[in-house]
Amino acid sequence: MQRKAYVPGLAAALLAALVTGCTAGTGSDGSDAAAKQGSTASPAAPPGKYRTLPEPCRSVEASTLKNLLPGVVTLPEEQQQAVLRGTAAVTYDTDRRVACSWKGEAPDASHQLRVDFERVVSYDPAVSDDDRALEVFAKKQAATSVPLAAAPGEGEQTPSATAGAAAPPASGDAKGDGPVGTPSEATASRTPGSGDPDGTPTATPSGSAGGATGLEPRMLEGLGNAAFLDDVLGRAGSTAQRRTVSVVFRTSNVIVTIVYVEQPARTTEVPDSKELQEKAQSLARGLAEQFND
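Since the structure is predicted, the reported quantities are computational estimates derived from the model, not experimental observations. (Residues numbered from 1 in each chain as written. Predicted model: local features only at pLDDT ≥ 70, side-chain atom pairs only at ≥ 80, totals over all residues. Heavy atoms only, no water.)

Further remarks concern the pairing of strand S5 (residues 226-236). The element S5 is largely enclosed, with a buried count of 10 among its 11 residues. Pairing of strand S4 (residues 218-220) with S5, which is carried by three bridges, proceeds in the antiparallel orientation. Paired with leucine 220 across the bridge in S5 is alanine 227. From the end of S4 to the start of S5, which pair antiparallel, there are five residues, and glycine 222 there has a positive phi angle of about 70°. Pairing analysis gives 11 bridges linking S5 to strand S6 (residues 240-251), with the strands arranged antiparallel. Of the residues in S6, the one forming a bridge with valine 232 is threonine 244. (Buried < 20%, exposed > 50% of the residue type's maximum accessible area, 1.4 Å probe, protein only. Helix = DSSP H or I, 4+ residues; strand = E, 2+ residues; numbered from the N terminus. Pairing = 2+ DSSP bridges.)

Below, the structure is given as C-alpha cells:
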C-alpha cells in the first residue's frame with residue numbers, strides 16, 4: 001500500500017494559523033477587560049453624620065423635667081425618682097429609633113412629655129441619609145397644620161418620589177406611644193386655615209394658638225437644619241380641654257420629636273399656649289446642643 005507523502009511545510013503553516021487565532025482572541029478579551037476596569041461607577045451617596053442615638057430617658061435633666069412636670073415636686077422623694085426615670089418605648093433597634101415618656105399629675109393639671117429620636121438610613125445608594133431624612137421630615141410637617149413652606153436656611157431640595165419609594169420603612173420604629181398625643185392627632189381642632197389629616201377644616205376653640213399672633217403653628221429658625229412647631233387644642237373625653245405642643249427638628253440624618261401635653265383639672269380652663277410653647281422650645285434647644293457636642 002502506498003503511503004501519503006508528509007509535507008512539513010503544510011503542518012507548520014496550519015500550526016502558525018492556529019496560534020495566531022488564539023493570540024488574537026486573547027488580545028480581544030484582554031482589551032474588553034481593560035475597558036471594563038477603566039470605566040468608573042457612580043459614587044455612592046455619603047452616609048449620615050450620626051450612627052447612634054442618645055439614651056432617651058437620660059436625655060432630659062431632672063431639673064428640666066421638674067419644670068415641665070410641676071406636679072412631680074409635690075411627690076415624696078421615692079415617687080419623684082420613679083417619675084423622673086421615665087418609661088422607655090419598646091423598640092427593635094436602638095440605633096434606629098428610641099423614645100421615652102414622662103407623666104406628672106398635680107391637683108390643678110396633668111402634664112405629659114414624650115421625646116423621640118429617629119435616625120434615618122437610606123437604602124438607596126444614590127440617595128444620602130440626609131436627603132432621606134429631609135423627606136421624612138417633610139412628611140411629618142405635612143401631617144400637621146404647619147404651612148408647607150421651605151424651612152428658613154434649609155437650602156436643600158426634596159429628593160424625587162422615586163428615591164423615597166425605594167427606601168423601605170424603618171425597622172426600628174419605637175412602639176408603645178401611650179396616651180401622649182401626636183402632631184397629627186385626628187380628633188384635635190386646629191388653627192384657622194388648617195384641617196385634619198383628611199383635609200376637613202375644623203373650628204378653632206376659644207383660647208387656641210390661632211388667636212394669638214406669633215403662637216400659630218410655624219417653622220422655627222435656629223434649631224437644627226430645619227424645625228417646626230405645632231399647637232393643637234383638643235378635648236380629652238367629652239369635657240376636659242387638652243393642649244398638645246409638638247416641636248420637631250432635624251439635624252443631619254436624625255429627627256427629634258418633642259410632644260408636650262397639658263390637661264387642666266377644671267373643664268373651664270384652657271392650657272396656656274405661650275407657656276407650653278416656650279417650655280417645649282427650650283427643651284428642643286437643649287437636645288439640639290447635645291448633638292453639637
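Where charged atoms of side chains with opposite charge meet at close range, the side chains can pair. Counted under the stated rule, the structure contains nine salt bridges. Of the charged contacts, one joins glutamate 135 and arginine 132 as a salt bridge, the two residues approaching to 2.3 Å between their closest N and O atoms. Placement of the pair is glutamate 135 and arginine 132 together in helix H4 (residues 129-142), with a separation of three residues, close to one helical turn. In this structure glutamate 135 comes out as buried when scored by relative accessible area, which is 8%. We classify arginine 132 as buried; its relative accessible area is 10%. Across the pair lysine 274 and glutamate 278 runs a salt bridge, and its minimum N-O distance is 2.5 Å. Taken together, the residues lysine 274 and glutamate 278, both in helix H6 (residues 273-292) and four residues apart, mark about one turn of the helix. Each of the salt bridges in this network shares a partner with another, and the network as a whole consists of Arg97, Arg114 and Asp116. (Salt bridge = Lys/Arg side-chain N within 4 Å of Asp/Glu carboxyl O.)

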